[in-house]
Amino acid sequence: MDYNKGKIALRNFLFAFGIILVAFSVSFLINIAILNPETDVLEQMLEPSKPDFKVLFLDSYSPTHSSYPSQEEGLKEGLYSNNISYDVIYMDTKNYASDEDLSAFHDYFKERLLRSKKTYSGVICGDDAALKFALDFQEELFPGIPIVFYGINNINLANEAVKNPLITGFSEATYLDETIEQASKLLPLATKVVGIFDETATGLGDKATFFSFEDKFPEFTFIGLDTSLMTREEFGNHLMKLGNDVILIYLTAFEDSEGNKYTIPESVKFIIDHTAIPVFRNYSEGHGQGIVGGTMMNFPEQCRMAGETMNRVLRGEDISKIPLYTETSGITTYDWGQVKKFGLDMSLLPSKTNFVNRPVKYFQQYKAFVFSVCLFLLGIILIFIAMMLNYSMLKSAEVRLQYDVDHDLSLGTFNRHAAEHYLESELNNKHHIAMLRIDIDNFKTLNETYGHAVGDQYLHHAAGLLKRYAEDNNYYLARYSGDEFIMFVSEANVLKDSPAVMGVHEIFKTPMTVGMESLKSTVSIGLVNSDINSTVDSMFVNSEIAKSSAKEHGKNTAAVFTSEFEESARTVNITRTKVMNAIEKGGFYMVYQPKVDVQTRELVGYEALVRIKDDNISPAVFIPVAEQSGLISQIGRITTELAIRQLAEWREQGIELHPISINYSSNQINDAGYIKFLKGLLKKYDIDPKYVEIEITEGLFMESTWQAGNLFVQFQAMGIKLLMDDFGTGYSSLSYLTYIPVDILKLDRSLVVNYLVKGKDAFIRDVINLTHDLGKKMVIEGVEEEWQFERLKEFGADVIQGYYFSKPLPPEDACRWTWKGSK
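What you are looking at is a predicted structure, and each value in this text was computed from that prediction instead of being measured.

(A) Region of interest: the overall build of the chain. Looking only at helices and strands, one finds 29 helices and 28 strands in the chain. Overall size of the chain, expressed as C-alpha extent along the three principal axes, is 135 × 70 × 50 Å. Across the 823 residues that make up the chain, the buried fraction comes to 50%. Just so you have it, the chain exposes about 39900 Å², and 53% of that area is on carbon and sulfur atoms. For the chain, the centre of its 78 positive side-chain charges and the centre of its 110 negative side-chain charges are spaced 7 Å apart.

See the structure below:
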């Protein structure tokens with residue numbers, strides 16, 4: 001048992017640790033998926049609920065502009081972190097840059113300010129168009145408030161703006177010279193630098209900047225392609241003529257000579273599609289879409305600095321003393337795929353170059369994901385190992401129990417239970433089978449003459465010979481009871497003089513030496529051959545009748561059951577008639593056997609047992625007949641109502657109620673209206689379902705049928721507990737107890753008799769412990785002696801039912817039962 005305790009402790013540890021790993025890995029995965037560190041900072045950067053100031057962000061473009069996310073990131077960092085909120089308004093000058101458009105924007109902006117009645121502590125202008133608008137309408141729209149700008153291409157505009165005592169900001173360094181220097185290293189054969197620009201405000205600034213570097217790079221010839229002066233087709237033709245001696249710089253290309261407007265992605269695609277040489281660019285837009293690379297303004301940094309500058313001004317610093325910033329750090333970005341495509345030497349690029357579209361090794365890209373998945377899989381593996389360990393423990397006990405349940409532990413043969421299942425299987429498979437019911441003649445006399453010890457030795461010796469004979473001939477042997485055996489012969493029609501029968505007689509012709517005694521006996525054999533109508537019950541009954549006939553004819557012989565054995569049929573008919581009369585005339589009554597709590601010896605419930613009035617016929621006789629005759633469903637309803645009515649009568653008498661368990665035969669499964677009938681009774685007698693329990697044999701729990709499964713679900717939905725009756729005599733599989741809906745197990749009396757003895761009782765303890773591990777309770781039947789009770793109490797049994805406490809009692813005695821013995 002210490003070994004089992006160790007396995008249980010290991011199982012529990014592995015399961016708990018596995019659950020922890022799975023929970024941690026799932027949490028980690030959620031963190032990766034939802035709270036990605038790359039996006040989490042922005043998502044957590046919420047607008048202040050009670051800001052100290054509110055400013056207006058005037059953006060030259062629209063939120064669809066490729067640089068807008070970078071600008072927003074920087075502004076939030078610079079403003080929100082200083083408890084400043086902002087509103088934004090977009091000019092969208094990439095699409096609406098004419099004088100009429102700007103005039104319309106002015107009117108719209110002014111009307112919006114008046115309607116909203118908002119006031120702002122300051123204005124932040126993004127790019128040239130916004131700054132020029134602010135300068136033109138400062139007195140009208142922004143009187144007396146500070147203005148901070150950023151990203152200004154036109155240095156003249158920026159210098160003019162900072163002359164105003166309320167304006168300062170950051171010009172946009174073009175980084176064009178750095179980009180040309182990088183390109184010249186990458187393309188050593190180049191002799192020309194071709195710049196693409198247009199006649200827009202931004203384009204004119206780019207044009208001036210481009211040609212301003214002619215003196216810095218005298219080794220190159222500078223050539224401009226002005227898209228505003230060309231149709232799109234003409235522009236494409238120029239691009240296709242460019243050769244390997246050209247450094248191509250894309251600056252701006254928002255329009256053509258026909259007045260068509262183009263977005264940056266559209267222009268990038270057009271340029272890439274019409275040239276076979278690398279394209280460089282000193283602005284962030286377009287990178288990753290075919291541009292080889294370049295150095296450009298660090299938008300997040302400059303926008304953050306603009307926000308921080310506004311914070312300094314709003315908190316008292318004199319804006320007129322803050323000079324124009326013309327130098328801010330740039331970012332060098334190159335497209336890994338394009339660099340590889342054109343065979344450029346990456347070692348010539350700056351050490352801090354940022355690469356886009358760079359292939360990432362799977363593990364580097366997904367290492368956090370891989371780590372969490374590995375943890376998850378490890379957790380699942382540990383849980384699986386724990387489950388397999390648990391299954392192994394259950395299976396080991398199951399195999400042990402299955403062997404013991406199927407075998408007579410004294411003689412080593414199969415037992416009656418196994419024989420019944422074997423016969424049932426053969427009949428279900430339509431196999432023809434013969435049954436020999438072998439009874440040792442005068443065994444009682446042998447016991448009385450020589451003593452039980454000698455009798456037991458003789459029985460063991462006889463069983464050994466029969467077992468060897470059965471194995472040699474591929475027969476099936478089982479001990480039926482006492483000195484009686486069952487032998488099955490497959491695919492044969494057995495008669496009195498058949499070899500199988502004569503072989504059994506031959507065994508007993510030779511005297512058997514037991515100790516100092518030489519004993520000889522004979523056997524009487526009842527023979528039954530199956531036919532199309534045979535059932536397990538009919539073959540056992542008929543073999544008993546045939547065996548009795550053999551004994552009546554002088555013993556030491558065999559008798560074959562035939563139609564001549566009508567007396568047996570008459571007995572069955574008489575029993576059936578008694579059952580039918582009892583059904584029709586209310587001839588049944590109930591007795592109640594107390595169930596007792598092991599620890600307190602107090603009453604905790606009853607089992608309701610049916611009897612026929614004015615008749616001593618045993619339920620063991622009339623119940624099988626009722627089942628075989630299709631009458632069991634009617635009896636089931638009658639006994640159910642008698643038990644529930646009894647609960648109501650006890651309640652009316654002021655007697656404390658305890659649950660009553662009612663037996664439910666597997667043959668009642670076809671009574672489709674039973675659940676409705678039961679509900680009606682509970683309502684009629686106003687009985688709480690917790691006082692009703694249903695005892696079902698093990699076989700019905702194992703039926704994988706819709707009817708059985710639906711039945712269990714409906715019982716549970718009503719709040720009625722299910723008991724597995726005669727546990728240990730059926731399938732005896734502990735593993736299936738993990739999923740069938742049973743609440744309480746009733747350990748069969750045969751296991752108490754066979755195992756609650758010195759040297760074997762640890763098995764009972766193990767079964768009880770495993771039952772408790774599964775969260776179920778155990779009722780022990782057939783307890784008749786005090787020592788049995790004490791031993792079961794030590795093992796942790798929950799409830800005892802047996803003659804040690806009480807036989808089945810009539811209702812008037814059962815309801816007043818209390819333990820009269822010692823505590």
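(B) Inspection of the packing of aromatic side chains at higher detail. Under the counting rule described, the total for this entry stands at 40 aromatic pairs. Ring geometry for Phe210 and Phe211: centres 5.0 Å apart, planes at 75°, overall edge-to-face. Here a set of aromatic residues connected by ring pairs shows up, and it is made of Phe105, Tyr108, Phe109, Phe133, Phe137 and Phe142. Here Arg232 stacks its cationic end above the ring of Tyr262, 3.6 Å away from the centre of that ring. Above the plane of the ring of Tyr480 lies Arg437, whose end atom (NZ or CZ) is 4.1 Å from the centre.

(C) Molecular detail of unusual backbone geometry. Even without being glycine, Asn442 reaches a positive phi, approximately 60°. With respect to the helices and strands, Asn442 occurs in the loop between strand S14 (433-440) and helix H16 (443-450). Given a relative accessible area of 43%, Asn442 falls into the partly exposed group.

(D) View of the packing of H16 against helix H17 (residues 452-473). It is the contact of H16 with H17, at a shortest axis distance of 6 Å, that shows an interaxial angle of 135°. Between H16 and H17, the angle is such that the two are oblique. Along its contact with H16, which presents Phe443, Leu446, Asn447 and Tyr450, the element H17 presents His452, Val454, Gly455, Asp456, Tyr458 and Leu459. Classifying every residue of the contact of H16 with H17 gives six nonpolar, three polar and one charged.

(E) Inspection of the side chain of Glu695 at higher detail. Along the chain, Glu695 turns up in strand S24 (residues 692-697). Using a relative accessible area of 1% as the deciding quantity, one classes Glu695 as buried. Reaching out from Glu695, the side chain makes a polar contact with the side chain of Ser661 at a distance of 2.7 Å. Among the polar contacts made by the side chain of Glu695, one reaches the side chain of Lys746 at a distance of 2.7 Å. Those residues in contact with Glu695, other than ones at most four positions away along the chain, are Lys595, Glu607, Ser661, Ile662, Asn663, Tyr664, Leu723, Asp725 and Lys746.

(F) Local environment of the pairing of strand S6 (residues 192-197). Burial analysis of S6 places five of its six residues in the buried class, which makes it a mostly covered element. One ladder, built from six bridges, connects S6 with strand S7 (residues 221-226); its direction is parallel. Pairing of Ile196 across the sheet is with Leu225, part of S7. Of the crossover connections in this fold, the one passing from S6 over helix H9 (residues 201-212) to the parallel S7 is right-handed.

(G) Quick peek at the nonpolar core. Core analysis: the largest hydrophobic core is formed by 81 residues, its most contacted members being Phe588, Trp650, Ile694 and Phe715. Beyond its immediate chain neighbours, meaning those up to four positions away, Phe715 contacts Tyr674, Ile675, Leu678, Ile694, Ile696, Ile720 and Leu722. Ile440, Phe443, Leu519 and Ile525 belong to the second largest nonpolar core, which has 33 residues in total.

(H) Inspection of the pairing of strand S5 (residues 167-171) at higher detail. Along S5, five of the five residues are buried, which leaves the element largely enclosed by surrounding structure. Following the backbone out of strand S4 (residues 147-152), through helix H7 (residues 155-161) and into the adjacent parallel S5, one traces a crossover that is right-handed.

(I) A look at the sheet that holds strand S1 (residues 53-59). Strands sit in the order S2-S1-S3-S4-S5 across an open sheet of five strands; the sheet is parallel. The open sheet has two free edges, formed respectively by strand S2 (84-90) and S5, since each of these has just one partner strand. Going from strand to strand, the sheet's axes swing by 20° on average, the running direction of each strand aside. In this structure, S4 lies alongside S5, joined through four bridges in parallel fashion. Residue pairing across strands places Ile152 opposite Ser171, the latter belonging to S5. Sheet strands in contact with helix H3 (residues 68-80) are S1, S2, strand S3 (122-126) and S4, and its direction is about 155° off that of S2. Here helix H4 (residues 99-116) sits on the sheet and contacts S1 and S2; the angle it forms with S2, its principal contact strand, is near 145°.

(J) A look at helix H19 (residues 536-552). Helix length check: H19 (17 residues) gives 24 Å between terminal C-alpha atoms against 24 Å at 1.5 Å per residue, within 8%. Looking at H19, one finds that the buried residues are Val536, Ser538, Met539, Phe540, Asn542, Ser543, Ile545, Ala546, Lys547, Ser549 and Ala550. After H19 finishes, the residue Gly554 shows a positive phi value of roughly 105°.

(K) Representation of the pattern of salt bridges. Taken as a whole and assessed by the stated rule, the structure comprises 39 salt bridges. As a salt-bridge pair, Asp52 and Arg315 come within 3.0 Å of each other at their nearest N and O atoms. Taken together, the residues Asp52 in the loop between helix H2 (37-44) and S1 and Arg315 in the loop between helix H12 (299-314) and strand S11 (330-335) connect sequence positions 263 residues apart. Taking relative accessible area as the criterion, Asp52 reaches 44% and is therefore assigned partly exposed.

(L) Inspection of the sheet that holds strand S19 (residues 523-529) at higher detail. Pairing within the open sheet is mixed, and its six strands lie in the order S13-S15-S16-S14-S19-S20. Each edge of the open sheet carries a strand with a single partner, namely strand S13 (414-415) and strand S20 (558-560). In this sheet, strand S15 (residues 476-481) lies alongside S13 in parallel orientation, the contact comprising two bridges. Residue pairing in the sheet places Phe414 in a bridge with Ala478 of S15. On top of the sheet, helix H18 (residues 499-509) reaches S14, strand S16 (484-490), S19 and S20; it is set at about 165° to S19, its chief contact. This element, H19, spans S14, S15, S16, S19 and S20 of the sheet and lies at about 140° to S19.

Conventions and cut-offs
Residues numbered from 1 in each chain as written. Predicted model: local features only at pLDDT ≥ 70, side-chain atom pairs only at ≥ 80, totals over all residues. Heavy atoms only, no water. Helix = DSSP H or I, 4+ residues; strand = E, 2+ residues; numbered from the N terminus. Buried < 20%, exposed > 50% of the residue type's maximum accessible area, 1.4 Å probe, protein only. Areas by Shrake-Rupley, 256 points an atom, 1.4 Å probe, with all protein chains shown as cover. Lys, Arg positive; Asp, Glu negative; His and termini not counted. Charge placed at Lys NZ, Arg CZ, Asp CG, Glu CD. Phe/Tyr/Trp six-rings, centres within 6.5 Å; stacked < 30°, edge-to-face > 60°. Lys NZ or Arg CZ within 6 Å of the ring centre and 35° of its normal. Axes fitted to C-alpha atoms, helices over the stretch in contact; angles between N-to-C directions. Parallel < 35°, antiparallel > 145°, perpendicular 65-115°, else oblique. Contact = heavy atoms within 4.5 Å. Nonpolar A, V, L, I, M, F, W, Y, C, P; charged D, E, K, R; others polar. Polar contact = N/O pair within 3.5 Å; in protein donor to acceptor, adjacent residues only side chain to side chain. Pairing = 2+ DSSP bridges. Right-handed = clockwise from strand over helix to strand, strands pointing away. Core = buried A, V, L, I, M, F, W, Y, C linked by side-chain atoms within 4.5 Å. Expected span 1.5 Å × (residues − 1). Salt bridge = Lys/Arg side-chain N within 4 Å of Asp/Glu carboxyl O.

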